[in-house]
There are 2 protein chains.
Amino acid sequence: MSLTNNNHIILPEPTLRRLPWYLAYVETLLARGQEHISSTGISKALNVDSSQIAKDLSFLNLKGKTRIGYNVADLAGALSDFLGFHQIHKACIFGTGSLGKALIRDNGLANYGLHIVGAFDTNPDIIGSSVEDVPISDIKDISDIYDKFEPAVAIITVPAEAAQTVADTAIKTGFKAIWNFTPYRVRVPDDIVIANTSIYAHLALIYNRLKAD
Amino acid sequence: MSLTNNNHIILPEPTLRRLPWYLAYVETLLARGQEHISSTGISKALNVDSSQIAKDLSFLNLKGKTRIGYNVADLAGALSDFLGFHQIHKACIFGTGSLGKALIRDNGLANYGLHIVGAFDTNPDIIGSSVEDVPISDIKDISDIYDKFEPAVAIITVPAEAAQTVADTAIKTGFKAIWNFTPYRVRVPDDIVIANTSIYAHLALIYNRLKAD
């Protein structure tokens, strides 16, 4: 953990992976009407060490009560706030194939604070059309769309061989984060945020472990 | 690395993450018509240490030539084979919301050896219909579908609160691997393969790093 100039806490990646697990679990408790949960309770359900959970949750400005634990609704709200899911973050989709379209249609992303304001493609047959009110523009018009909405996140769902070029174009235009869904390992400058969600790469893991059985 | 009884190599997760990067890169070279590539060349393009690349590629039964490097087509084929992308692995989708449907429609998965043979949902309005020739069945009929195709991989794209129950049902039926796309941390027995592709969790990382700028 380190502090930046504006006192924002840079959390380690493992913590940022675990906090959404806690949130998803606490939200299921909330839906079931459970009122309180302890670190030990979360620990048992998720098989994460309870001292680790207590440490992770110490980043939140929230105190649990001895023996009762955390109020479930407060904990869900605090986690969601802390993770930035209650703020609006604007994004554009690059590549409107099946995955790009699915991400546009996915209400889940909006629930987690990601608002897709535009989409880009190179296929003249679909440029000018729209998916769920999100207009598909020619990538050549990227500056116009960027100036209008100032989106921060570029979601890359183009074919792998185009990933680097598209990421470079987005960064040059002003995008601050690249969310790469292709198997291609996109390189970005140090001041640009990069997250890789390489769906197919996970297949390699599954196949390798399956074969071992 | 360890060997199982049938001499299958269990690769470490970081290696299994990097090998698909090399494949995606080598496939772009193949598309451009490049004939040879060295570890150093891959290293420069992907910013991975070249000795690490040489070590990772040593798992393949393929020799590069001094000064010339690897034949690009051979390397692409060997990587794809080694990662299991040329074999057929059968899977079912659990939950046919926008993400489940997108995965069914995604040709990419089939190109990487994953054949979706069935889908399940609880919504009576869509049970009996199909997406791209994949029939959507009632989850109550899971045993019939399983006996017919013997799929190994259960892809979980239901809402988070249903993830554990659906995974438990799939495992009880005979599925050997759970590919979890929900933010819920699904628990599985030791002999079941689990891969988590938690799309929304990556948003937490992006938001945290963006705020730090």
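Conventions used here
- Residues numbered from 1 in each chain as written.
- Chains lettered and ligands numbered in written order.
- Predicted model: local features only at pLDDT ≥ 70, side-chain atom pairs only at ≥ 80, totals over all residues.
- Heavy atoms only, no water.
- Helix = DSSP H or I, 4+ residues; strand = E, 2+ residues; numbered from the N terminus.
- Buried < 20%, exposed > 50% of the residue type's maximum accessible area, 1.4 Å probe, protein only.
- Contact = heavy atoms within 4.5 Å.
- Areas by Shrake-Rupley, 256 points an atom, 1.4 Å probe, with all protein chains shown as cover.
- Least-squares fit on C-alpha atoms with pLDDT ≥ 70 in both.
- Pairing = 2+ DSSP bridges.
- Buried area = accessible area lost by both parts, 1.4 Å probe.
- Salt bridge = Lys/Arg side-chain N within 4 Å of Asp/Glu carboxyl O.
- Axes fitted to C-alpha atoms, helices over the stretch in contact; angles between N-to-C directions.
- Parallel < 35°, antiparallel > 145°, perpendicular 65-115°, else oblique.
- Core = buried A, V, L, I, M, F, W, Y, C linked by side-chain atoms within 4.5 Å.
- Domains from an automatic or database assignment.
- Phe/Tyr/Trp six-rings, centres within 6.5 Å; stacked < 30°, edge-to-face > 60°.
- Lys NZ or Arg CZ within 6 Å of the ring centre and 35° of its normal.
- Arc of directions from axis to C-beta.
- Polar contact = N/O pair within 3.5 Å; in protein donor to acceptor, adjacent residues only side chain to side chain.

Caption draft 1: Spatial organisation of the overall build of chain A. Of regular secondary structure, chain A possesses nine helices and eleven strands. Taken along the three principal axes of its C-alpha coordinates, chain A extends 60 × 50 × 35 Å. Within chain A, buried positions represent 53% of all 213 residues. Restricting to contacts in chain A with at least 6 residues of sequence separation, those with at least 24 account for 53%. Counting only carbon and sulfur atoms, one obtains 46% of the accessible surface of chain A, whose full area is about 10,200 Å².

Caption draft 2: Representation of the relation of the copies chain A and chain B in the model. Least-squares fitting of chain A to chain B yields an RMSD of 0.0 Å, with the superposition described by an axial translation of 0.0 Å and a rotation of 180 degrees. Viewed as a symmetry operation, the transformation between the two copies matches a two-fold axis. No C-alpha of chain A approaches the rotation axis more nearly than that of A102(A), which lies at 2.8 Å. Interface residue correspondence from chain A to chain B reaches 100%, placing this contact among same-surface, isologous pairings.

Caption draft 3: Seen up close, the pairing of strand β6 (residues 114–121) of chain B. All names here are of chain B. The element β6 is extensively covered by neighbouring structure, given that seven of its eight residues are classed as buried. With six bridges joining them, strand β5 (residues 89–94) and β6 adopt parallel strand pairing. The residue bridging A91 from the neighbouring strand is I116, located in β6. By the bridge criterion, three bridges tie β6 to strand β8 (residues 134–138) in an arrangement that is parallel. Residue pairing across strands places F120 opposite S137, the latter belonging to β8.

Caption draft 4: Seen up close, the interface of chain A and chain B. Contacts between chain A and chain B engage 66 residues on the former and 66 residues on the latter. Both faces combined, the contact of chain A with chain B buries some 6,300 Å², and carbon together with sulfur accounts for 67% of it. Among the residues chain A hides against chain B, the three largest losses belong to R185(A), Y200(A) and Y207(A). Together they make up 12% of the total. Taken together, chain A and chain B are joined by zero salt bridges. Listing elements by their share of the side of chain A that touches chain B, those giving two or more residues are β2 (9–10), α1 (13–32), α2 (39–46), α5 (98–105), α6 (107–111), β10 (177–180), β11 (193–196) and α9 (199–212) of chain A.

Caption draft 5: Molecular detail of the packing of helix α1 (residues 13–32) of chain B against helix α3 (residues 50–57) of chain B. Residues and elements named next belong to chain B. Two elements in contact, α1 and α3, have axes separated by 10 Å at closest approach and are oriented at 95 degrees. The pairing of α1 with α3 is recorded here as roughly perpendicular in orientation. Contact residues: T15, R18, L19 and Y22 in α1; Q52, I53, D56 and L57 in α3.

Caption draft 6: Just the nonpolar core, in detail. In this structure, F94(A), W179(A), F94(B) and W179(B) are the most contacted members of the largest nonpolar core, which totals 150 residues. For W179(B), the contacting residues outside a window of four places in its chain are I199(A), H202(A), L203(A), I206(A), L109(B), L114(B), V153(B), A154(B), I155(B), I156(B), A195(B) and T197(B).

Caption draft 7: Molecular detail of the sheet that holds strand β6 (residues 114–121) of chain A. Residues and elements named next belong to chain A. Strand order in this open sheet of seven strands is β7-β8-β6-β5-β9-β10-β11, and the pairing throughout is mixed. The open sheet has two edge strands with one neighbour each: β7 (130–131) and β11. As judged from the two bridges shared by β7 and strand β8 (residues 134–138), these two strands associate in the antiparallel manner. Considered in β8, the bridge of S130 is made with P135.

Caption draft 8: The arrangement of the side chain of S39(B) in detail. Residues and elements named next belong to chain B. By the secondary structure assignment, S39 is in helix α2 (residues 39–46). A relative accessible area of 15% places S39 in the buried class. Leaving out residues up to four positions away in the same chain, S39 has contacts with S50, I53, A54 and Y70.

Caption draft 9: Spotlight on the domain arrangement of chain A. Along its sequence, chain A is carved into domain 1 (2–83) and domain 2 (89–202). Each of domain 1 of chain A and domain 2 of chain A has a C-alpha centre, and these two points are 30 Å apart.

Caption draft 10: Spatial organisation of the packing of aromatic side chains. Inspection of the entire model under this criterion finds 16 aromatic pairs over all chains. On the numbers, 4.8 Å between centres and 45 degrees between planes, the contact of W179(B) with F181(B) is tilted. Of the two residues, W179(B) and F181(B), both sit in the buried class. Taken together, the ring pairs connect F85(A), Y112(A), Y200(B) and Y207(B) into an aromatic cluster. Over the ring of W21(A) we find R185(B), and its NZ or CZ is 4.1 Å from the ring centre.

Caption draft 11: Spotlight on helix α3 (residues 50–57) of chain A. All names here are of chain A. Within the sequence span of α3, burial applies to I53, D56 and L57. Projected down its long axis, α3 carries its buried residues within an arc of 90 degrees, all on one side. Along its buried surface, α3 packs onto α1, α2, β4 (70–71) and α4 (72–82).

Caption draft 12: Representation of the pattern of salt bridges within the structure. Residue and element names in this part refer to chain A. The full count for this structure, using the stated rule, is two salt bridges over all chains. Across the pair R18 and D56 runs a salt bridge whose closest N-O atoms are separated by 2.6 Å. Of the two residues, R18 sits in helix α1 while D56 sits in helix α3, which places them 38 residues apart along the sequence. Each member of the pair, R18 together with D56, is buried.

Caption draft 13: Quick peek at the side chain of N180(A). Residue and element names in this part refer to chain A. You can see N180 is positioned in strand β10. Only 2.9 Å separates the side chain of N180 from the side chain of N196, close enough to count as a polar contact. N180 has contacts with I156, V186, I194, A195, N196, T197 and S198, leaving out every residue within four places of it along the chain.

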